[in-house]
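# Structural characterization, general
Read off the chains here:
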Amino acid sequence: MNYLSTREKDLRMSAAQAIVKGLAPDGGLLTPAVLPRLPASAMETMKDMSYQQRVVYMLNSFLDGFSSSELTAYASSAYGGQKFSHPDVAPVHKLDHGAYCLELWHGPTCAFKDMALQMLPHLLSASLNKCDEKKTACILVATSGDTGKAALEGFRDVDKTKILVFYPKDGVSDIQELQMVTQEGGNVGVCAVTGNFDDAQTGVKRIFSSQGMAVELEERGYFLSSANSINWGRVLPQIVYYASAYCDLLKKGEVDRGQEINICVPTGNFGNILAAYYAREMGVPIKKLICASNQNNVLTDFINTGIYDRNRTFYNTISPSMDILISSNLERMLFELSGRDDKLVRDYMAQLGEHGSYRVGTAIRSKLQQLFYAGCCDDRQTMETIAKMWKEQEYLIDPHTAVAFHVLEAYRADTGDETPAVVVSTASPFKFCSSVLTALGVREQRSGVDILEQLAEITGVPVPAPLARLKNRHRRFTQVVEKDDMASPVLDMLK
Ligand SMILES: *Cc1c(COP(=O)(O)O)cnc(C)c1O
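Here goes a summary of the coordinates provided. Keep in mind it's a predicted model, so treat the numbers as computed, not measured.

## Observations concerning the sheet that holds strand 9 (residues 222-225)
Pairing within the open sheet is parallel, and its five strands lie in the order 9-6-7-8-16. What marks the edges here is a single partner per strand, and that holds for strand 9 and strand 16 (480-481). Where strand 6 (residues 136-142) meets strand 7 (residues 161-168), six bridges bridge the pair, whose relative direction is parallel. In the sheet register, leucine 140 faces strand 7, and the bridge partner there is leucine 164. Contacts between helix 7 (residues 146-155) and the sheet are confined to strand 6, strand 7 and strand 8 (188-193), with strand 7 contributing the most and set at about 165° to the helix. Where helix 8 (residues 174-181) meets the sheet, its contacts fall on strand 7 and strand 8, and the angle it forms with strand 7 comes to roughly 155°.

As structure tokens, then:
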């Protein structure tokens, strides 16, 4: 399987090159030259497999140059052993009214980013070898919370990689900070930046574009790389859990062979729901893709009107991992919906860069609306949904997942479509204790890590082990730098 750019169809790269590069030289996103189709019997075949075996089955046709035994080894280090606290890795939880919750937060950091970031480092490390790259990859990440910790856990002690994460000193929760500064591993670093997330992000971008840094690192045997969600190596592992969820429903007799389901995804950068689209294209029986946004509803408007317009107020919500105005992975969707018209994609992206907006033609808009339903949810509705799910079904969900449940309900009310629906749950409620407790009507809240036990005591739901362990952990990383001084911790780490 070769890879091409969404802005230049004639470009060709191997899978390993696509993963090493991350982004095409023209700024486009690297995408498979053809989407493989699963055989008609695939769901039956995969039904009795472990999650790790399903990974190998699904990834094989995308990764020429990777043997099945290599992929088996990566799947087992990524998802096997004690890495995930649930034997199914991505279990499906049955709820009332033909709804199911796909829990993607049983990994080491309790958020769905683990699903991709446990796998990407293995794919990257192997790809470096296949491309005969002698230098070590230095992964730089600016994080507003979830991604940094998931990347640290994923890259920890992976061959030919080092990772340094920058987070805004006052821009992450106590628990998120503690998760990062207690990180273990011989190839990791964590550094706070005075300022907000944008300052950290801008600082990282500046390091990436500095010629001086590139030369300096090259001399030391390193090159800079990123782990962001547009890397194909992050999208690919996400396709697996949609097929896996379907197999589980089939296995439990919840759906008949070939029966369609709907998928509802709380969406930010459009990576997760894009993976659901790819699963559908490959042959997983999915009818509608339901795109759920919080108050930053740029995607809701886009799907409903065909106009993408980032010129709007940015809101800080209680589902912060979806506080995004530019959904980068949407570019891959435009590429497919336009019949792979690279020139058109280039044109839309140029308009987005210049004016912050573009309007797609009617053909693309109608395909978009056939495939997707879009809705959004404000913080008050998010809180109400958390409370309602707990009261009516004794099921505890985090704010991101609540956004999705709210939008599923709106979809059903709107369309009368009662197709069995899988709602994607992207974080453990314990990662967002304060919002969840507030939703449950608890005003007096404990501080720091003690809030974890408070939520557990009130609900009877146990604290996930990786978070419970934080309490006695040693704070290993204490460095704080000014935003203009972010190059020095990089150079210190790569001495
Ligand atoms: C990253 C994230 C999302 C958004 O996923 P995208 O792939 O960016 O659409 C949703 N929920 C949580 C908890 C996340 O960490």
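There's plenty left to go through after this.
## Notes on the site of the ligand
Close to the ligand lie 15 residues; Lys113, Gly268, Asn269, Asn272 and Thr426 are nearest. Between the ligand and the protein, one listed contact pairs an oxygen atom with a side-chain N or O atom of lysine 113 at 2.6 Å. Measuring from an oxygen atom of the ligand, one finds a backbone N or O atom of glycine 271 at 3.3 Å. Compared with its free state, where it exposes 380 Å², the ligand has 96% of that area covered by protein. Class assignment of the residues belonging to the shell around the ligand gives a composition of five nonpolar, eight polar and two charged.

## Quick word on the nonpolar core
Membership of the largest hydrophobic core comes to 157 residues, with the highest contact counts inside it found for Met43, Leu63, Ile239, Ile263 and Tyr358. Counting residues per element, this core draws most heavily on helix 11 (residues 232-251), at 13 residues. Not counting residues up to four positions away in its chain, the partners in contact with methionine 43 are Leu38, Ala243, Tyr246, Cys247, Leu250, Val284 and Pro285. Counting 19 residues, the second largest nonpolar core, distinct from the first, contains Phe166, Met213, Tyr222 and Val481.

## Examining the sheet that holds strand 5 (residues 99-103)
Strand order in the open sheet formed by six strands is 4-5-15-10-11-14, and the pairing between neighbours is mixed. With partners counted over all chains shown, the strands left at the sheet margins are strand 4 (92-94) and strand 14 (372-376), one partner each. Direction aside, neighbouring strands of the sheet carry axes that sit 25° apart on average. Bridge count for strand 11 (residues 286-293) against strand 14 is five bridges, and the pairing is parallel. Residue pairing across strands places leucine 289 opposite phenylalanine 372, the latter belonging to strand 14. Across the sheet, helix 12 (residues 271-282) lies against strand 10 (261-266), strand 11, strand 14 and strand 15 (421-425), angled at about 175° from strand 11, the strand it touches most.

## Looking at the packing of aromatic side chains
Evaluated as defined, the whole model comprises 13 aromatic pairs. When the centroid spacing of 5.6 Å and the interplanar angle of 55° are considered together, the rings of tyrosine 79 and phenylalanine 84 count as tilted. On the basis of relative accessible area, phenylalanine 84 is assigned to the buried category, the value being 6%. Here the aromatic rings of tyrosine 348 and tyrosine 358 are separated by 5.2 Å at their centres, their planes lie at 20°, and the arrangement is stacked. With tyrosine 348 in helix 15 (residues 342-355) and tyrosine 358 in strand 13 (residues 357-359), the pair connects residues that are ten residues apart, well separated along the chain. By the burial criterion, tyrosine 348 is buried, and tyrosine 358 matches it. One aromatic cluster is present, built from ring pairs that chain together Tyr3, Phe62, Trp232, Tyr277 and Tyr278. Positioned above the aromatic ring of phenylalanine 66, the side-chain terminus of lysine 130 is 4.5 Å from the ring centre.

## Observations concerning the pattern of salt bridges
As enumerated under the stated definition, the model contains 29 salt bridges in all. With its nearest N and O atoms 3.3 Å apart, the salt bridge here joins lysine 135 to glutamate 133. Among the ionic pairs, aspartate 450 bridges to lysine 471, the shortest N-O distance being 3.4 Å. Here the residue aspartate 450 occupies a position in helix 20 (residues 450-459), and lysine 471 occupies one in the loop between helix 21 (465-468) and strand 16, the gap between them amounting to 21 residues.

## A word on helix 11
The end-to-end C-alpha distance of helix 11 is 30 Å, a good match for the 28 Å that 20 residues give at a rise of 1.5 Å each. Within helix 11, 19 of the 20 residues are buried, which leaves the element mostly enclosed by the surrounding structure. Measuring from the backbone nitrogen of glycine 233 back to the side-chain oxygen at the start of helix 11 gives 2.7 Å, which picks out asparagine 231 as the cap. One or two positions beyond helix 11, positive phi appears at glycine 253, with a value near 75°.

## Considering the pairing of strand 5
When you tally the buried positions in strand 5, you get five out of five residues, the bulk of the element. Across the two faces of strand 5 the burial is the same, with Ala99, Cys101 and Glu103 and Tyr100 and Leu102 all buried. Alignment of strand 4 against strand 5, held across three bridges, turns out to be antiparallel. Bridge pairing in strand 5 places histidine 93 opposite cysteine 101. Counted between consecutive antiparallel strands, the loop separating strand 4 from strand 5 contains four residues, among which histidine 97 sits at a positive phi close to 60°.

## A few points about the side chain of lysine 288
Position of lysine 288 among the secondary structure elements: in strand 11. For the buried residue lysine 288, which engages in no salt bridge, the nearest side chain bearing the opposite charge is aspartate 417, 7.3 Å off. Of note is the side chain of lysine 288, whose polar atom sits 2.9 Å from the backbone oxygen of glutamine 370. Those residues within four positions of lysine 288 in sequence are excluded, and the remaining contacts are Ile261, Asn262, Ile263, Gln369, Gln370, Leu371, Phe372, Tyr373 and Tyr411.

Rules used in this analysis
Each chain has its residues counted from 1, following the order in which its sequence is written. With pLDDT at 70 or above as the cut-off, local features in this predicted model cover only qualifying residues; side-chain atom pairs require 80 or more to be listed or tallied, and sums for whole chains, interfaces and linings still use all residues. The basis for every side-chain value is the complete set of non-hydrogen atoms in the structure, without hydrogens or water. Between any two strands, at least two bridges found by DSSP are needed for them to pair. Numbering goes from the N terminus for both helices and strands, where a helix is a DSSP run of H or I of at least four residues and a strand is a run of E of at least two. Any two residues whose heavy atoms approach within 4.5 Å at even a single point are treated as in contact. Lines fitted to C-alpha atoms define the axes, with helix axes restricted to the stretch in contact, and inter-axis angles between N-to-C directions lie between 0 and 180 degrees. The near set for a molecule or strand comprises every residue that places at least one heavy atom within 4 Å of it. Polar contacts, as counted here, are pairs of nitrogen or oxygen atoms within 3.5 Å of one another; within protein the pair requires one atom able to donate a hydrogen and one able to accept it, and residues that are adjacent in sequence qualify only if both atoms are side-chain atoms. Where accessible areas are quoted, they stem from the Shrake-Rupley method and a 1.4 Å probe; at the residue level, only the protein chains shown are allowed to cover. Classification used: nonpolar for Ala, Val, Leu, Ile, Met, Phe, Trp, Tyr, Cys and Pro, charged for Asp, Glu, Lys and Arg, polar for all others including Gly. Joining through side-chain atoms within 4.5 Å is the link that ties buried Ala, Val, Leu, Ile, Met, Phe, Trp, Tyr and Cys residues into a set, and such a set is a nonpolar core. When accessible area is computed with a 1.4 Å probe and restricted to protein chains, residues below 20% of their type maximum are described as buried, those above 50% as exposed, and intermediate ones as partly exposed. Note on aromatic contacts: the rings of Phe and Tyr and the six-membered ring of Trp form a pair at centre separations within 6.5 Å, being stacked when their planes are under 30 degrees apart, edge-to-face when over 60 apart, and tilted otherwise. By the criterion adopted, a ring carries a charge over it if an Arg CZ or a Lys NZ lies within 6 Å of its centre and within 35 degrees of its normal. We count a salt bridge whenever a side-chain nitrogen from Lys or Arg sits within 4 Å of a carboxyl oxygen from Asp or Glu. Each residue after the first adds 1.5 Å to the expected span of a helix. Charged residues are defined here as Lys and Arg on the positive side and Asp and Glu on the negative side; His and the ends of the chain fall outside this count.

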